[in-house]
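This is what each chain is made of:
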Amino acid sequence: MKRPERLSSIRLMLEAPLFRGAWLLMAGIVLSETLADAFPAIAGRVAKDFLPLSLCYALAAALTAIVAAVTAKRHDKGVLIWPSVVLFGAMLMSFQREKTAFPYPSGTQTLWLVVASEPTEKPHSICADVIDADRGVMLKCYLQKSGRSRKIVPGEGVLVNACVKSTDTLCYGTFRYGRLWRYRGIVGSCYASEGQWEGASVDLSRLPISERISIQALRFRHTLLKRFSSLEGLSESEQGILAAMTLGEKSSLSAQTRATFQVSGASHVLALSGLHMGILCFLISFLGITRFFPLTGSALTVLLLWAFALLTGLSTSVVRSALMLSIMQLLTASGRSATAFESIGLAATTMLLASPQSVFDVGFQLSFMAVLSLVAFVPVLNALACSRWQEKKGIVHAIASLLFVSFAAWLGTAPLVAYHFHQLPSYFLLTNLVAIPATYLILISALLLFVLPFPFIGKLLTLAVTGFRTVLEAISSWPHANISQLHPTVLQTVLAYILIGIAYAFAAYVARFKVATYTGLQPRRQMSRRKLWRIFVR
């Protein structure tokens, strides 16, 4: 009998150097930010009287790398290089902090701004992310609510006379939300009353080409969003759901809609991620291009993936999915292969090198923990159930696979969800039986509507969104639909993941013998702890 697919194991993780390197980079980034917050006076004094912190970390990383190369033995060199990677991560975060330093003097400034997001209506103002065309930094701009400010669109130029406040001073009670803005690259905020701003033509040539491309993508997305408003039978909240699930635009989601998705356990479909990118790859493969023209099909797939990522705003979860799928496509086209952990490590390392502050983004944390849990747990769950439906096809197999995927993703993200959002859904398995097929139907229908704007496609899309919202509202109204008032500490969150890791090791051990009993093959021999350590420090 054919040996079943190899289970994801600790050895696969240890054999992926980029996977280890990504964790070390994250440790250095967190260490740098922690030290800067704990000792701001010392950090400022060092930067002022000695050298910038990023240069200090760079010198320390180079020194430890030289020491490791000169003194390390063959099997210990990997361990001794770890401090260099950690210090390199600290250097990246320090450089990012210096790059987003507050560049404005006190007092009123004349600012030439470009709207870089969909405007959001607040109780007394219209809020949007803007780019300062002169300094090239991003601000949060609030314009007094009026008929004129409601008409601003992405890519429009605005001339503002206002005082700019640093994000370091922004807080709500003890919560420093200004720090979260800084992690997104926003260095300050400004408010302009009706007479302090006017529309203006801003020269975009002064902006980097990446910013100009992003603005053009935002303009095109704004045009596509207008098509949703023309659909008959969709309420304003349902238009917000449709915009979030297809184009990643969540500014029009109401608080009630967000609560419905969170309580029912379907909030992950509002954040574009691997599910949505996978649907896009499914559509491309359905056309048969990759089957008959592998190289052309792979190149076209990668191009469309990044075009969709750019169109939806390049959120961290979308970038992670696009990176991993691009790696898989390129490796497949070149006739090579890589483990899922190597792909995860390469995607994480690339994102951290480009944007080290991403490690503090909730989407980055949830996205990578979800895909890591899927890679680790789904093969184990399939192996544990192999005697029942591993070789069967049909509705039972499809439902079982969907439940395994949903449970694995929930298990990997539950501690983080409890830490950040203070609640956990109770009926997430049942919700995903509806949410995942509904996401397929809604996204495919929306893409067809963009290409072929036929009335019956709009009616199908309206029916799908309305039905999906009705089902989620029903689930969220059930008794004990969510577990609320959860406030775990960082230590408790880490301990929860340690317990999940122990459960995974035990489940993989049991599954190993379950597969051996079912197939009649002897399980692979376990490696000694010494051999595992040598692989780890390689």
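Residues numbered from 1 in each chain as written. Predicted model: local features only at pLDDT ≥ 70, side-chain atom pairs only at ≥ 80, totals over all residues. Heavy atoms only, no water.

Quick word on helix 19 (residues 455-476)
Here comes step 1: Its 22 residues place the ends of helix 19 32 Å apart at the C-alpha level, agreeing with the 32 Å of an ideal helix rising 1.5 Å per residue.
Here comes step 2: Regarding helix 19, the residues found buried are Ile457, Gly458, Leu461, Thr462, Ala464, Val465, Phe468, Leu472 and Ile475.
Here comes step 3: Turning to helix 19, the residues buried within the fold contact helix 7 (209-229), helix 8 (236-247), helix 9 (255-264) and helix 18 (428-451). (Helix = DSSP H or I, 4+ residues; strand = E, 2+ residues; numbered from the N terminus. Expected span 1.5 Å × (residues − 1). Buried < 20%, exposed > 50% of the residue type's maximum accessible area, 1.4 Å probe, protein only. Contact = heavy atoms within 4.5 Å.)

Re the pairing of strand 3 (residues 125-132)
Here comes step 1: Counting buried positions along strand 3 yields eight of eight residues, so the element is predominantly enclosed.
Here comes step 2: Side chains Ser125, Cys127, Asp129 and Ile131 project from strand 3 onto one buried face, and the interleaved Ile126, Ala128, Val130 and Asp132 project onto a second face that is buried too.
Here comes step 3: Pairing of strand 1 (residues 108-115) with strand 3 involves three bridges; the strand directions are antiparallel. Directly across from valine 115, in strand 3, lies its bridge partner valine 130.
Here comes step 4: When strand 2 (residues 120-121) meets strand 3, the two strands line up antiparallel, connected through two bridges. Within the sheet, the bridge partner assigned to glutamate 121 lies in strand 3 and is isoleucine 126.
Here comes step 5: Where strand 3 lies against strand 4 (residues 138-144), seven bridges are found, and the strand directions are antiparallel. The partner of isoleucine 131 across the bridge, within strand 4, is methionine 138.
Here comes step 6: Counting the residues in the hairpin turn of strand 3 and strand 4 gives five residues, including glycine 136, whose phi is positive at 75 degrees. (Pairing = 2+ DSSP bridges.)

Description of the pairing of strand 4
Here comes step 1: Here strand 4 pairs with strand 6 (residues 186-192) via six bridges, running parallel. Of the residues in strand 6, the one forming a bridge with tyrosine 142 is tyrosine 191.

What to know about the side chain of serine 326
Here comes step 1: Tracing the backbone through its elements, the reader meets serine 326 in helix 13 (residues 316-333).
Here comes step 2: Excluding residues within four positions of it along the chain, serine 326 makes contact with Val302, Leu305 and Trp306.

A word on the pattern of salt bridges
Here comes step 1: Taken as a whole and assessed by the stated rule, the structure comprises 11 salt bridges.
Here comes step 2: The shortest N-O distance in the salt bridge between glutamate 194 and arginine 148 comes to 3.0 Å. Note that glutamate 194 is positioned in the loop between strand 6 and strand 7 (197-200) and arginine 148 in the loop between strand 4 and strand 5 (157-166), a separation of 46 residues in sequence.
Here comes step 3: Classification of glutamate 194 by relative accessible area gives partly exposed; the value is 30%.
Here comes step 4: Arginine 148 gets classed as partly exposed once you look at its relative accessible area, which sits at 35%.
Here comes step 5: One network of salt bridges, in which partners are shared, links Glu33, Arg97 and Arg182. (Salt bridge = Lys/Arg side-chain N within 4 Å of Asp/Glu carboxyl O.)

With respect to the nonpolar core
Here comes step 1: Residues Ile344, Leu352, Val359, Phe364 and Phe368 are the most contacted members of the largest nonpolar core, which totals 31 residues.
Here comes step 2: If you tally residues by element for this core, the top one is helix 14 (residues 340-354), at six residues.
Here comes step 3: If we skip the residues at most four places from it in the chain, isoleucine 344 touches Phe19, Met324, Phe368, Val371, Leu372 and Val375.
Here comes step 4: Listed in part, the 29 residues of the second largest apolar core include Leu231, Phe261, Leu311 and Ala446. (Core = buried A, V, L, I, M, F, W, Y, C linked by side-chain atoms within 4.5 Å.)

Read these as layout, nothing more, since geometry by itself doesn't imply function.
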